[in-house]
Amino acid sequence: MKKNLIKGDFMKICVLGLGYIGLPTAIMLAIHENEVCGVDINLDIIQMINNGELHIKESGLSDLFEDVVNKGNFKAFSKPKEADAFIIAVPTPIKEDKSFDGSYVIDAVNSLLPYLRKGNIIIIESTIAPRTTEDLIKPLIEECGFNIGKDIYLAHCPERVLPGNIINELINNDRVVGGITKECAVKSADIYKAFVKGEILLTDSKTAEMAKLIENTFRDVNIAFSNEITRVCTELKIDALDVIQMANRHPRVNLLNPGPGVGGHCLAVDPYFIIDKEPKNSRIISIAREINDGMPYFVVENIDKLLKGTANPLIAVLGVSYKGNVDDVRESPAIKVIELLKNKNYKLNIYDPYVKGWSNVSSIKEAILDCDMVLILSDHKQFKKIDAEEIVSLMRSPMIFDTKGIIMKQEIAISNENNTIVNDQKEIKLINWGNLHKYLY
Ligand code: SAJ
């Protein structure tokens, strides 16, 4: 017999969308004794999961997955099944015109309607435009004759975990649960109590939607500010990295790091959901997107200047993913940089130890052989301790353009008294957003 849905109770939960968020969430719910039915439209993913294989790389996930495979309480299917609760974690992309595309969420809701019965909980974890739960999803359920807050409990509980640290953040981050009614929020929150050690904050659905979007937009705007500071400082011949470091020593200033642009499926996408809904008032948000999307062009503009006069330059591109130590290339600025460089007919040795299908060489060593510039575009741990001896002996002219600011002079060693890195009479030019101006003028 099914028990009342209170903390720690066994539940039957259907998770729709088995990607970077849905899959770890489903596994976490199964670890905590729920019977979990995972649903995806991709049959390869279903087959892999049911064969005990993972289709995404995420630290700590495979051990937990092994446990639930042994327990036997998590299986994947192509269609939903009857359950106590449904959690939707499908993608919410932007359309070509940058407007919100909620079609996967709507499809997922429509797909579960035939299995819905009184007392069920529906939680949307996908990031959605403000007011979507109330204006678009609620009517779909009401059209089936259900009363929200009495028959069905509907809430938005945005995912907030950082790729690369998902398991830890699933457990320890605070969660915001926004219900259509208070009862909806309370019932939905109970599901998370099984594994969330952070605080669970209850609110209404539109506040939860907006809070989630603002979290990522805050970061996007902050990074855009640092990228702008970098461009200003490069013109003024001031070390932007020093400036940011100094300013951050003020107790109430916290600038993020400049880079080759902002990627991933979150920061580079979610701000548009706000712009789409309320364009006339979203001015800073729009300009921040423009600045961050402009960074790959700025990177390439500077590569042109740095390699001016070099005959048939060969560039070793290190990193394709949108950030360090992940295999995700969605909206990656590195891909934009690569595309721009290819359009300009630069020869490229591309290497990323995490991402399949992009590398045309199979090691750092092979990438740097005979090249004129090492271009760092992702902050993978493997790139931080690049071997200075190899750089000097293998590169045609040793120049590193570190757009992620990960290489410390002292760590690539062989510094002389003047703090330039030399070996066998060759100097390594280690260029970052702080000293770029010295190599341009
Ligand atoms: N980046 C910089 N400078 C920095 C930090 C990041 O240029 O100082 C770039 C990264 O290289 C990357 C992009 O920003 O291209 C985004 O990376 P990220 O690590 O800031 O964030 P995501 O997209 O991996 O994850 C974010 C997180 N949101 C926040 O930290 C507010 C995560 O908690 C969310 O769950 C996730 O978005 C999401 O799914 O919405």
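Everything here concerns the structure above.
Attention in this report is confined to the structure presented alongside it.

Parameters and conventions
- Residues numbered from 1 in each chain as written.
- Predicted model: local features only at pLDDT ≥ 70, side-chain atom pairs only at ≥ 80, totals over all residues.
- Heavy atoms only, no water.
- Helix = DSSP H or I, 4+ residues; strand = E, 2+ residues; numbered from the N terminus.
- Rg over C-alpha atoms; globule rule 2.2 N^0.38 Å.
- Buried < 20%, exposed > 50% of the residue type's maximum accessible area, 1.4 Å probe, protein only.
- Contact = heavy atoms within 4.5 Å.
- Lys, Arg positive; Asp, Glu negative; His and termini not counted.
- Charge placed at Lys NZ, Arg CZ, Asp CG, Glu CD.
- Near = heavy atom within 4 Å.
- Polar contact = N/O pair within 3.5 Å; in protein donor to acceptor, adjacent residues only side chain to side chain.
- Areas by Shrake-Rupley, 256 points an atom, 1.4 Å probe, with all protein chains shown as cover.
- Nonpolar A, V, L, I, M, F, W, Y, C, P; charged D, E, K, R; others polar.
- Axes fitted to C-alpha atoms, helices over the stretch in contact; angles between N-to-C directions.
- Parallel < 35°, antiparallel > 145°, perpendicular 65-115°, else oblique.
- Left-handed = near helix turned anticlockwise from the far one by under 90°.

**Structural notes on the overall build of the chain**
Across its full length, the chain carries 16 helices and 14 strands. In terms of C-alpha radius of gyration, the chain reaches 24 Å, essentially the compact-globule figure of 22 Å for 441 residues. In terms of overall dimensions, the chain has C-alpha extents of about 80 × 50 × 40 Å along its principal axes. Counting only residues that meet the buried cut, the chain has 53% of its 441 residues in that class. Sequence-distant contacts in the chain: of pairs separated by 6 or more residues, those separated by 24 or more amount to 73%. Between the centroid of the 52 positive side chains of the chain and the centroid of its 60 negative side chains there is a distance of 2 Å.

**Considering the site of the ligand**
Lining the immediate surroundings of the ligand are 21 residues, of which E159, K212, N216, R219 and Y322 lie closest. V161 is positioned with one of its backbone polar atoms (N or O) 2.7 Å from an oxygen atom of the ligand. Here an oxygen atom of the ligand sits 2.9 Å away from a polar atom, N or O, in the main chain of G263. Coverage of the ligand by the protein amounts to 89% of the 770 Å² it exposes when considered alone. Ranked by residue count, the leading element in the shell around the ligand is helix α8 (residues 205–236), at five residues. The residue inventory of the shell around the ligand, partitioned by class, reads nine nonpolar, four polar and eight charged.

**A few points about the packing of helix α1 (residues 22–31) against helix α3 (residues 61–71)**
A pair of packed helices is characterised by two quantities: the angle between their axes and the separation of those axes. It is at 9 Å that the axes of α1 and α3 come closest, and there the two elements cross at 50°. Between α1 and α3, the angle falls in the class oblique. With respect to the hand of their crossing, α1 and α3 are arranged in left-handed fashion. Judged by residue contacts, P24, I27, M28, A30 and I31 of α1 engage L61, L64, F65, D67, V68 and K71 from α3. Partitioned by chemical class, the residues of the contact of α1 with α3 number nine nonpolar, no polar and two charged.

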